[in-house]
Amino acid sequence: MKQKYLLFTAILFISISNSYSQNTRKNELNDIGWYNYFGTFKLNDKYSIHSEYQLRRDNFITDKQQGLLRLGLNYQLNPKVQFRLGYAWIETYPYGETPINGMGKDFTEHRAFQMVTLTDKISKVDISHRFMLEQRWVGRYSNASLSTEDEFPLLNRFRYMIRVQIPLKGDKIENKTPYIAAYDELFVGFGKNVNENIFDQNRIGLVLGYRFNNTLRIEAGYLNQTLQLGREVNNQNVFQSNNGFIINTNFSFDLSKKENK
């Protein structure tokens, strides 16, 4: 009898917990397409300049989601460790059922970031671990009558990404080599201005790539972005599940001057 009572209590508790979780969480779906440029300009054996622009669209391509410009300076400590310092400018637009901005307006964000990437190789598999800290000044409106943001509170965020990639021919990715890559990146907000979204985002990608030569590499595939808004709507946490495709165009230019001796 006692075991039956405990079992009934456990089932009831789980049912109530699941019901409460569903009632306090709102899930939304969006179809996205991300079209990205990445460019690296090598200055010498230690230093290079990173540049990128990401055009992010809702409904795959028809509507604006976000635009992101990022610039950075790389320092190659050794073949397996790279540091980067940089700045990013982001413009986020109202998209989906519940816009990120509570007034349904677009907003600008400025970021400073610090990053370290660790790389390794196990047999044919290339593995990278990317750790990033971001200081984010996110624009907001103190009232709905304003046409431009008048406040830029500071939000802090930590990011970690693991990526693995495997050549589809040969033992390493070199010129004229197709490959497959998968990655997962977790975003965690922290600091006094972070509200609901301590868990900020998670991104999962699976792409097919091709390295044409030392200069050009292209990737395309599937992307899932799970994002939590930093505010509640009708006492519910709002989660977006954004699914679609991603296309990356990667350029690498060697600007270092080397003389053959």
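Residues numbered from 1 in each chain as written. Predicted model: local features only at pLDDT ≥ 70, side-chain atom pairs only at ≥ 80, totals over all residues. Heavy atoms only, no water.

Applying the stated criterion across every chain yields a total of 17 salt bridges. In this structure, the salt-bridge partner of Glu52 is Arg70, at a minimum N-O distance of 2.9 Å. Linking Glu52 in strand 2 (residues 47-58) with Arg70 in strand 3 (residues 63-78), this pair joins segments that are 18 residues apart in sequence. Across the pair, Arg70 and Glu52 agree in class, each one buried. The salt bridge involving Arg130 is made with Glu185; its shortest N-O contact spans 2.9 Å. With Arg130 in strand 6 (residues 125-138) and Glu185 in strand 8 (residues 177-190), this pair connects stretches of sequence that are 55 residues apart. Of the two residues, Arg130 and Glu185, both sit in the buried class. (Salt bridge = Lys/Arg side-chain N within 4 Å of Asp/Glu carboxyl O. Helix = DSSP H or I, 4+ residues; strand = E, 2+ residues; numbered from the N terminus. Buried < 20%, exposed > 50% of the residue type's maximum accessible area, 1.4 Å probe, protein only.)

Counting across every chain of the model gives nine aromatic pairs. Considering the side-chain rings of Tyr47 and Tyr75, the 5.2 Å spacing of their centres and the 50 degrees angle between planes classify their relative orientation as tilted. Here the residue Tyr47 occupies a position in strand 2, and Tyr75 occupies one in strand 3, the gap between them amounting to 28 residues. Between Phe251 and Phe253 the ring centres are 5.9 Å apart and the planes differ by 10 degrees, which places this aromatic pair in the stacked class. The class of Phe251 is partly exposed, set by a relative accessible area of 29%. Given the relative accessible area of 32%, Phe253 is considered partly exposed. Ring pairing ties together the aromatic residues Tyr37, Phe41, Phe251 and Phe253, which thus form one cluster. The aromatic ring of Trp34 is capped on one face by Arg56, whose charged end is 3.9 Å from the ring centroid. (Phe/Tyr/Trp six-rings, centres within 6.5 Å; stacked < 30°, edge-to-face > 60°. Lys NZ or Arg CZ within 6 Å of the ring centre and 35° of its normal.)

This part takes up the environment of Met161. Tracing the backbone through its elements, the reader meets Met161 in strand 7 (residues 154-167). Accessibility expressed as a relative area gives 13% for Met161, which makes it buried. Separated by 24 residues in the primary sequence, Met161 and Glu185 place their C-alpha atoms 4.0 Å from one another. Apart from the residues within four sequence positions on either side, Met161 is in contact with Ser128, His129, Arg130, Tyr183, Asp184 and Glu185. (Contact = heavy atoms within 4.5 Å.)

Turning to the nonpolar core, a few remarks are in order. In this structure, Ile32, Trp34, Met161, Ile173, Tyr179, Ala181, Tyr183, Val207, Leu223 and Ile246 together form the largest nonpolar core, which totals ten residues. When residues of this core are traced back to their parent elements, those giving at least two are strand 1 (25-42) and strand 8. The element that contributes the greatest number of residues to this core is strand 8, accounting for three residues. Discounting chain neighbours no more than four positions away, the residues touching Ile32 are Arg57, Asp58, Phe60, Gln65, Leu223, Gln225, Asn242, Asn243, Gly244 and Phe245. (Core = buried A, V, L, I, M, F, W, Y, C linked by side-chain atoms within 4.5 Å.)

Here we take up the environment of His129. Structurally, His129 is set in strand 6. Judged by its relative accessible area of 26%, His129 falls in the partly exposed class.

Here we take up the side chain of Arg157. Along the polypeptide, Arg157 turns up in strand 7. A distance of 2.8 Å separates polar atoms of two side chains, one belonging to Arg157 and the other to Glu134. At 2.8 Å, the side chain of Arg157 and the side chain of Asp200 are in polar contact. Once residues lying within four places of it in the same chain are set aside, the contact partners of Arg157 are Arg111, Met132, Leu133, Glu134, Arg136, Phe187, Val188, Gly189, Phe190, Asp200 and Gln201. (Polar contact = N/O pair within 3.5 Å; in protein donor to acceptor, adjacent residues only side chain to side chain.)

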